[in-house]
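The lines below spell out each chain.
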Protein chains: 4
Amino acid sequence: MNSKQTILTHSSVIPDVQSEHDSRKLPIDRVGVKRLRYPIYFEDKFGAQPVVATCAADIMLVAEQKGTHMSRLVALFEEMSAVTQKKPLRVGGLQEWVTRLLDSLHAQNGAIELLFTLFMRKTAPISKIESTINYEVRLYAECKNGVYCEKVSVSVPVTSLCPCSKRISDYGAHNQRSVLTVSVVPKVPVFIADLVRVGEEEASSELFALLKRVDEKYVTEYAYDHPRFVEDLVRAMAQRLIDDPRFAGFSVEAENFESIHNHSAYAKIDFWQSL
Amino acid sequence: MNSKQTILTHSSVIPDVQSEHDSRKLPIDRVGVKRLRYPIYFEDKFGAQPVVATCAADIMLVAEQKGTHMSRLVALFEEMSAVTQKKPLRVGGLQEWVTRLLDSLHAQNGAIELLFTLFMRKTAPISKIESTINYEVRLYAECKNGVYCEKVSVSVPVTSLCPCSKRISDYGAHNQRSVLTVSVVPKVPVFIADLVRVGEEEASSELFALLKRVDEKYVTEYAYDHPRFVEDLVRAMAQRLIDDPRFAGFSVEAENFESIHNHSAYAKIDFWQSL
Amino acid sequence: MNSKQTILTHSSVIPDVQSEHDSRKLPIDRVGVKRLRYPIYFEDKFGAQPVVATCAADIMLVAEQKGTHMSRLVALFEEMSAVTQKKPLRVGGLQEWVTRLLDSLHAQNGAIELLFTLFMRKTAPISKIESTINYEVRLYAECKNGVYCEKVSVSVPVTSLCPCSKRISDYGAHNQRSVLTVSVVPKVPVFIADLVRVGEEEASSELFALLKRVDEKYVTEYAYDHPRFVEDLVRAMAQRLIDDPRFAGFSVEAENFESIHNHSAYAKIDFWQSL
Amino acid sequence: MNSKQTILTHSSVIPDVQSEHDSRKLPIDRVGVKRLRYPIYFEDKFGAQPVVATCAADIMLVAEQKGTHMSRLVALFEEMSAVTQKKPLRVGGLQEWVTRLLDSLHAQNGAIELLFTLFMRKTAPISKIESTINYEVRLYAECKNGVYCEKVSVSVPVTSLCPCSKRISDYGAHNQRSVLTVSVVPKVPVFIADLVRVGEEEASSELFALLKRVDEKYVTEYAYDHPRFVEDLVRAMAQRLIDDPRFAGFSVEAENFESIHNHSAYAKIDFWQSL
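Quantities reported herein were computed from a predicted structural model and do not represent experimental measurements.

Peer 1: Where do I start with the pairing of strand β4 (residues 130-144) of chain B in this structure?
Peer 2: One face of the sheet, then the other: side chains in a regular strand alternate in exactly this way. Residues and elements named next belong to chain B. The element β4 is largely enclosed, with a buried count of 11 among its 15 residues. The sheet contact formed by strand β3 (residues 110-123) and β4 spans 14 bridges and is antiparallel. Among the inter-strand pairings, E113 is bridged to a residue of β4, identified as Y140. Hairpin connection between β3 and β4: a loop of six residues separates the two successive antiparallel strands, and K128 in this loop has a positive phi of roughly 65 degrees. For β4 and strand β5 (residues 147-161), the ladder comprises nine bridges, and the chain directions are antiparallel. Bridge pairing in β5 places Y140 opposite K151. Hairpin geometry of β4 and β5 is characterised by an intervening segment of two residues between the two adjacent antiparallel strands and by a positive phi of about 50 degrees at N145.

Peer 1: Mind showing me how you'd approach the packing of aromatic side chains here?
Peer 2: Both the distance between ring centres and the angle between the ring planes are used here to describe each pair of aromatic rings. Inspection of every chain in the model, using the stated rule, returns 20 aromatic pairs over all chains. On the basis of an interplanar angle of 20 degrees and a centroid distance of 6.2 Å, the ring pair of Y38(B) and F77(B) is categorised as stacked. Placement of the pair is Y38(B) in strand β1 (residues 28-44) and F77(B) in helix α2 (residues 70-86), with a sequence separation of 39 residues. Judged by relative accessible area, Y38(B) falls into the buried class, the value being 1%. Geometry around F208(A) places K122(A) over its ring, the cationic atom sitting 4.8 Å from the centre. Positioned above the aromatic ring of W97(D), the side-chain terminus of R100(D) is 4.1 Å from the ring centre.

Peer 1: Got a minute to help me understand the packing of helix α5 (residues 192-202) of chain D against helix α7 (residues 230-242) of chain D in this structure?
Peer 2: Relative placement of two packed helices is described by the angle separating their axes and the distance separating the axes. All names here are of chain D. At a minimum axis separation of 9 Å, α5 and α7 run at an interaxial angle of 135 degrees. By the angle between their directions, the pair α5 and α7 is classed as oblique. For the crossing formed where α5 meets α7, the hand is right-handed. Contact residues: α5 offers R197, V198, G199, E201 and E202, while α7 offers L233, A236, M237, R240 and L241. Of the residues that constitute the contact of α5 with α7, the class distribution is five nonpolar, one polar and four charged.

Peer 1: Whenever I open this one, the interface of chain A and chain C confuses me. Can you help?
Peer 2: Buried accessible area, meaning the area lost when the parts come together, often serves as the stated size of an interface. Of the residues lining the interface, 60 residues belong to chain A; the matching set on chain C comes to 60 residues. Counting the surface lost from both chain A and chain C, the interface buries some 5200 Å², and carbon and sulfur atoms represent 56% of this. At the junction of chain A with chain C, the criterion picks out 12 salt bridges. Here chain A is connected to chain C by 30 residue pairs in polar contact (both at pLDDT 80 or more). Counting only elements with at least two residues in the side of chain A that touches chain C, the list comes to α1 (4-7), β1 (28-44), α2 (70-86), α4 (163-168), α7 (230-242), β8 (247-257) and β9 (264-271) of chain A. Here the side of chain A that touches chain C is composed, by residue class, of 31 nonpolar, 11 polar and 18 charged.

Peer 1: Is there a simple way to think about the environment of I59(C) in this case?
Peer 2: All names here are of chain C. Mapped onto the elements of the fold, I59 is located in strand β2 (residues 47-61). Of the residues examined, I59 reaches a relative accessible area of 2% and is grouped as buried. C-alpha separation for the pair I59 and L73, spaced 14 residues apart in sequence, amounts to 9.1 Å. Discounting chain neighbours no more than four positions away, the residues touching I59 are I28, D29, R30, V31, T68, L101, L105, A107, N109 and G110.

Peer 1: Teacher, can you tell me more about the relation of the copies chain A and chain C here?
Peer 2: The operation linking the two copies of the chain is a rotation about an axis combined with a translation along the axis. Each copy of the sequence occupies a distinct position, and chain A is placed on chain C by a rotation of 180 degrees and an axial shift of 0.0 Å, giving an RMSD of 0.0 Å. What the superposition gives is, in effect, a two-fold axis relating one chain to the other. Both copies share a contact surface, since 100% of the interface residues of chain A are interface residues in chain C too.

Peer 1: What is the right way to read the pattern of salt bridges from this model?
Peer 2: Note on pairing: side chains with opposite charge can pair once their charged atoms come close. Residue and element names in this part refer to chain A. Per the stated rule, a full pass over the model turns up 116 salt bridges over all chains. Between R30 and E142 there is a salt bridge; the shortest N-O distance is 3.2 Å. Taken as a pair, R30 in strand β1 and E142 in strand β4 (residues 130-144) lie far apart in primary sequence, 112 residues in all. Owing to a relative accessible area of 22%, R30 belongs among the partly exposed residues under this scheme.

Peer 1: Just to check I follow, could you spell out the confidence of the model for chain A for this structure?
Peer 2: For residues with low pLDDT, the predicted coordinates do not support detailed interpretation. Residue and element names in this part refer to chain A. Looking at chain A, the pLDDT average stands at 94 and 95% of residues meet or exceed 70. Low pLDDT (under 50) marks residues 1-11, which in the prediction has 19 contacts with non-local residues, meaning those over four places away or in another chain. This complex was scored by the predictor with a pTM of 0.94 and an ipTM of 0.92.

Peer 1: How should the environment of T220(A) be read in this particular structure?
Peer 2: Residue placement: T220(A) occurs in helix α6 (residues 213-225). On a C-alpha basis, the gap between T220(A) and I269(A) in space is 28 Å, while along the polypeptide they are 49 residues apart. Residues in contact with T220(A), not counting those within four places in the same chain, are S165(B), S169(B), Y171(B), G172(B), A173(B) and H174(B).

Peer 1: Can you walk me through the interface of chain B and chain A in this structure?
Peer 2: If you look at the interface, chain B gives 39 residues, while chain A gives 39 residues. When the two sides are added together, the surface that chain B and chain A hide from each other amounts to roughly 3200 Å², 52% of it contributed by carbon and sulfur. Of all residues in chain B, the largest losses of buried area upon contact with chain A belong to Y171(B), R177(B) and N262(B), amounting jointly to 21% of the total for that side. For the pair chain B and chain A, the interface holds two salt bridges. Here D170(A) and K217(B) are joined by a salt bridge, their closest N and O atoms 3.2 Å apart.

Peer 1: Looking at this structure, I do not really get the layout of surface pockets. What am I missing?
Peer 2: Over the atoms, a rolled probe matching the size of one water molecule traces out where space is still vacant. Its volume calculated, the largest pocket comes out at about 970 Å³. Along the walls of the largest pocket sit 37 residues, with R177(A), V179(A), F257(A), F257(B) and R35(D) positioned nearest its centre. It is β4(A) that provides the largest number of residues to the lining of the largest pocket, a total of four residues. Split into classes, the residues belonging to the lining of the largest pocket amount to 15 nonpolar, 12 polar and 10 charged. Of the volumes computed, that of the second largest pocket is approximately 830 Å³. As for the second largest pocket, its lining consists of 31 residues, of which R35(A), R35(B), R177(C), F257(C) and F257(D) are closest to the centre. Looking at the lining of the second largest pocket, the elements with two or more residues in it are β1 of chain A, β1 of chain B, β4 (130-144), β5 (147-161) and β6 (175-186) of chain C together with β4 (130-144), β5 (147-161) and β6 (175-186) of chain D. Taken together, the residues that form the lining of the second largest pocket break down as nine nonpolar, 14 polar and eight charged.

Peer 1: How should I be thinking about the nonpolar core in this particular structure?
Peer 2: A general trend in soluble globular proteins is that nonpolar side chains are found buried together. Core analysis: the biggest nonpolar cluster contains 140 residues, and L114(A), I192(A), L114(C) and I192(C) have the highest contact counts within it. Apart from residues lying up to four places away in sequence, L114(A) is in contact with A53(A), T54(A), C55(A), F77(A), M80(A), L89(A), L94(A), V137(A), R138(A) and L139(A). Counting 139 residues, the second largest nonpolar core, distinct from the first, contains L210(A), V33(B), L241(B) and L102(D).

Peer 1: Would you take a moment to explain unusual backbone geometry for this structure?
Peer 2: Of all residues except glycine, most have a negative phi; of all peptide bonds, most are trans. Of note, the phi angle at K25(A) is positive, near 55 degrees, even though the residue is not glycine. Considering the arrangement of structural elements, one finds K25(A) in the loop between α1 and β1. A positive phi is found at N145(D), a non-glycine position, where the angle reads about 50 degrees. Within the secondary structure, N145(D) sits in the loop between β4 and β5.

Rules and cut-offs
- Position numbers for residues start from 1 in each chain and track the written sequence from start to end.
- Written order decides the labels, with chains lettered from A and ligands numbered from 1.
- Thresholds applied to this predicted model are a pLDDT of at least 70 for local features of residues and 80 or more for the giving and counting of side-chain atom pairs; totals over whole chains, interfaces and linings are not thresholded and use all residues.
- The basis for every side-chain value is the complete set of non-hydrogen atoms in the structure, without hydrogens or water.
- The buried label applies to any residue whose accessible area, calculated with a 1.4 Å probe on protein chains only, is under 20% of its type's maximum; exposed applies above 50%, and partly exposed to all values in between.
- Under the scheme used here, helices are H or I runs from DSSP no shorter than 4 residues and strands are E runs no shorter than 2 residues, and both carry numbers assigned from the N terminus.
- Strands are labelled as partners when DSSP assigns at least two bridges between them.
- The pairing test for Phe, Tyr and Trp rings, Trp by its six-membered ring, is centres within 6.5 Å, and the orientation test on the planes gives stacked under 30 degrees, edge-to-face over 60, and tilted for anything in between.
- Charge over a ring is defined by NZ of Lys or CZ of Arg lying within 6 Å of the ring centre and within 35 degrees of the ring normal.
- Here an angle of 0 to 180 degrees is reported between the N-to-C directions of two axes, which are lines fitted to C-alpha atoms, with helices fitted over the stretch in contact.
- Angle categories: roughly parallel below 35 degrees, roughly antiparallel above 145, roughly perpendicular from 65 to 115, and oblique for all the rest.
- Take the far helix as the reference: if the near one is turned anticlockwise from it by less than a right angle, the crossing is left-handed, and if turned clockwise, right-handed.
- The contact definition used throughout considers only heavy atoms, calling two residues in contact when any of these lie within 4.5 Å.
- In this classification, the charged set is Asp, Glu, Lys and Arg, the nonpolar set is Ala, Val, Leu, Ile, Met, Phe, Trp, Tyr, Cys and Pro, and all remaining amino acids, among them Gly, are polar.
- Note on definitions: buried area is the accessible-area loss of two parts on being combined, 1.4 Å probe, summed for both.
- The salt bridge definition used is simple: a Lys or Arg side-chain nitrogen within 4 Å of an Asp or Glu carboxyl oxygen.
- We call two N or O atoms a polar contact when they sit within 3.5 Å, provided that within protein one can donate a hydrogen and the other can accept it, with sequence-adjacent residues counted only if both atoms are side-chain atoms.
- Only residues with pLDDT of at least 70 in both copies contribute their C-alpha atoms to the least-squares superposition of the copies.
- Scored from 0 to 100, pLDDT reflects the predictor's confidence in each residue.
- As defined here, a cavity is a set of points on a 1 Å grid over the protein atoms alone where a 1.4 Å probe fits but cannot get out. A pocket is an open set with protein on both sides within 12 Å along at least five of seven lines, and residues line them when an atom is within 4 Å of a point.
- Grid points are joined across faces, edges and corners, and a volume is the space filled by probe spheres set on the points.
- Put simply, a nonpolar core is a bunch of buried Ala, Val, Leu, Ile, Met, Phe, Trp, Tyr and Cys residues held in one set by side-chain atoms that sit within 4.5 Å of each other.

Right, dumping it as C-alpha cells:
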C-alpha cells in the first residue's frame, strides 16, 4: 500500500507525526484531553479525603506544530493521583501542576480542570445527630500570557421558600430544592467549606441527610421564617463576598427547581471586573 | 495484505459477512440499534403533534446467524417517520411496526422503544390563563413467542407536600417537585392525557407553566390542604388503576426531589401479575 | 398567624412582592427562567420543521427592584411557540424576541437561549439511499448596553481517523465518533445547514444513518484516506471561516471519543477578537 | 389555623405520622431513598480503595402502615460509610446490610443498590508503562420472600472493530469505543477485576489511559486482527460465563458507539433461567 511497512520494522524508528510542521499558520487556543477520571486526595478545612475527579487539561499549541503529545497530559494526572496520596491537593495547589504542564509541553498557555464531589459532616439543628452531605466542586487553574489564575466553584444544595407565595397565601408557601453556586478567584488560600457556608447561611434553609422529627419541625419553620427569592439568594451571597479582601472576583448563582412549575428560576451576579 | 482486494473489485460481489454461519450455538436475546433520533407525528386526546423521538429496536438473533442486518432496523424508523407525517402514530399503533420488524429480519421476537416529550395545554385554576406543559413518554412494544404486548409510560411532574412536616410544624410544610410515573399495558387504546390526569389529580398539586398571583395563592393553599407522602402518591394512583378493566397491568412510581434533603424519596407499586 | 389573611380576602388586592424596593444597591446581571420546553417551528436551508426547544431567558434586574416578573418570561415563550407555527423562526429571528423581552420587563440587558435537535436528509455516497441525521443546535441572542448579538452553534457528529495510528501501523488505524462544534456570530442571515457542511467536509468522514455495504466500503476507505488529528479538524474548520465576511467571529471545537482510550481528545480555536 | 400548635409545644409529643394506619389495603413493593452519595471503601482483587457511591435502598411496606421511616435508610448508609473505612466492603458483603435494613424497618423484602467508579492499574502492551483506568460498577442486593440475591455488574470500555467493514474495504476498517457490561449473580465471592477481564479479552482491543507510540501501533494492529461484531462480543462473553460454576446466572451486553453512524449498535444475552 505504501512504503511505511519497511520503515516501521523497528519500533525505534516509529515516526513522530505530532512533531511535524504545520503550514497553516494557525495556533490553537486549547488542545488537550478531557473526561479522564482519577482518584485524588483533597484537603479542606476538616482534613483530607479521597475524591474521584473528572479531569481535563489543555495547552495552547503554536502554529508551527502539527499536534501536541496528548500522553504527557495524561501522565500529568497519573502523577497528580500518585503524589496527592501523600501530599493532598488544596485550593491554590494546582499552580505547580499548571507549571509542570507548560514545562512538559513547552507551552505558553495552559489550563487544568478538576470536578469532584466533596463530602462534609453536618449536625442536625435540634437532635444534634450527625450526617454526611455532598457538594460538587470545580477547580479551574489557568496560566495565560504569564498570568496565573485559579477559580474555585462549589455548588450548594439548599431549600428556598418563595416570599411571594408566603405573603399572598393564607397558609403554606411553596418551597423547593435550589442549587447555589459560589465561584471565587482567591488571592489567598481559602477553604471550600467556608464558601459552602456562604450559600447555606443565606438560603431559606440548609440541607441535612439525616433529620429527626424535631429537626424537621425546626427546618420547616426556619424556612417559613426566611423566605428568599432567587434574586434575594444571589444578592445576599454577593454582599458576603463583595468586600472580602481575600477574593479578586466572584460570581454567585442560584437555580430554584420550582415546586409549582416544571422549569427553574435562575439568577446570577458576576463580579469579575477586578480581574 | 490479503486476497480480499481482488474479490472486491466489483461491488456486486461485496460479501455479506452478517449472513455467515456462527458455530457457537448461542442465540442472542436482543440485537439492534439505539440512540437514534427521528421526527414522528403522534396523536393523543387533543390532536396530533410533532415529537422528536429517541428510538431503539432489536430482534432475537438465531444461533446459526453471525450478525443481523442493522440497516433494516434503521430503515424501519425512516419509514415510520415518513408514514406518521400522514397517519400519526397512536397508542396501540406500534403493533404494525413490530410486525414489519419481525418480517424484515425473519425474527421470532423483537421490540421497539420510543421516548419523546409530549406537550399539553393547561388552564390556570383561577385566572384561566393557558400555558403549555411537557411530559416524558415511553412507548415500548414487544412481540415475544407470538405474544404482542405494548407498555405505555408517562412521567408527570407535580408538587408534593409532606404530611409529617405539616403536622409537626407550627406553620409551613416542606414541599417539592416530584415526578410520578404511570405505566400501563392497555387492553384497549387509551390516551396518554388520561394517564397524566391520574398523576396530577392525586398529587398535592399539579403544575402549570404560567400562573398569575391569584393562581399562585390557589396552588400554594391547595398543596397545603392536600399533603401526600411518597407512599400516599403511589397508593392513590394504584387505586385509580387497580380496578380499571382497560389495563392488563400497571406500575406507579413517585420520586420526591426532597426540598429538605439532597436526595430523593421514592415509592413504587407493581401490578403486573395478570401478564 | 399574621394580618395578611385579612388583606387577601379579595384577590384584587394581592400584593406585588416582586415590585417592592430592594435596598441592597445590587443590580443582578441575569434573572430569569430556564429548562422550559416548547414546540417551535424553525426554518433553515431545506424548509421549516417542528423542533422541541429547551428554552431560557433572563434580564438584568436594576438594583432598586426586589424581584423580576418571571411569568412574563414564560409568556414570551408561549407566544414564540404560537407565532412560529405560522411564521417559522430563522437564524437572526431572535432579535425581535429579545426586544420584546426588554420591553415587557423594562430591562436594559437581556438574553434568550434555545437548544434543539435539527434534522437533515442525507444521501449515501454510492447507493444514494436517503436517510435522516440529527444535529444539536444552540441559538443565543443577547442585547447588552444597546448592542445586539446573536450566536449560532451547531454540533456535528463525524468520524475522525488518527494520522499517527495510520502512519505507525502496518495495517488499520484507530478511528472514532467525534463531535465538531461550529459557533458563529453572523453579520447576515446564514443557514445552519451550511455550518454543518464545514464540519462534515473537514472530517475524516461524515456520518449517515443508513449505509448499504457499498457505502460502508466507501466511507471506511474515505476515512482511511483522510486521517485527521483533533488539531487538524479545528484548523481546517477555522480556515474555512477565518476569511468569511459573513461572520463577525467564530469558534470551532472538536472532541474525539477516542476508541483506544476511555477519555476524549479535544481542541478549540476562538476567533472572537473582532467582537 | 388548627389545634396542632398546642399539641406540639413540647417536642417530646411530636406525632409519628408515618406510623399511622392506612386503610387502603395496598402494600407498596418499594419505598425508600435514592440519589444519596456516600464515601465507601471497597476491596477487590488488587486491594481496597475509596469509592464514591451513589446509593439507594428500599423496603416493602405493609398495607397497614401509612409511611416508612426514611431516616433509618439514610442512617444505614451513614453506618456503612463509617464501618467500611475499617472493614472494606467486598462482593458478597451487602448481605449483612440488607439484613440490617430488614431488621431496622421490620420489613420482609428490601434491596440496596450501590453505583461507583472502580479504578484499576493497567500495563501498556509493549512499553509496559502503567496507567489507571476506570470502570463503572453496580452492586444490587435484594432479599425477597426470604431469598437473598446479589447481582454484580461492571461496564468495561473497549475498542470494537467491524468485521464487515474490514472484509469489504481495500484498506482500513471502522472501529469505535464500545461499552461491554457483564452482570452476574455469583454463588461464591468473585472479583470484579475478573469480570472486567472477560470483557477486555473478548473485545477487538482493551483500552489504556497511557500508550506510547509502540503501544499505539500494537493496539491498532491487534484490533485490526480481532474484528468483532456487537453480536460476536456478547457471544464470546457468554461462552466464558455459561459453564462457569461460580455463577447462578448472568447477562452480557455490548453497545458500540458507531464511528460511521450517529447511533449505537447493541446486543444482549440473558442467562437468568437458573434463578
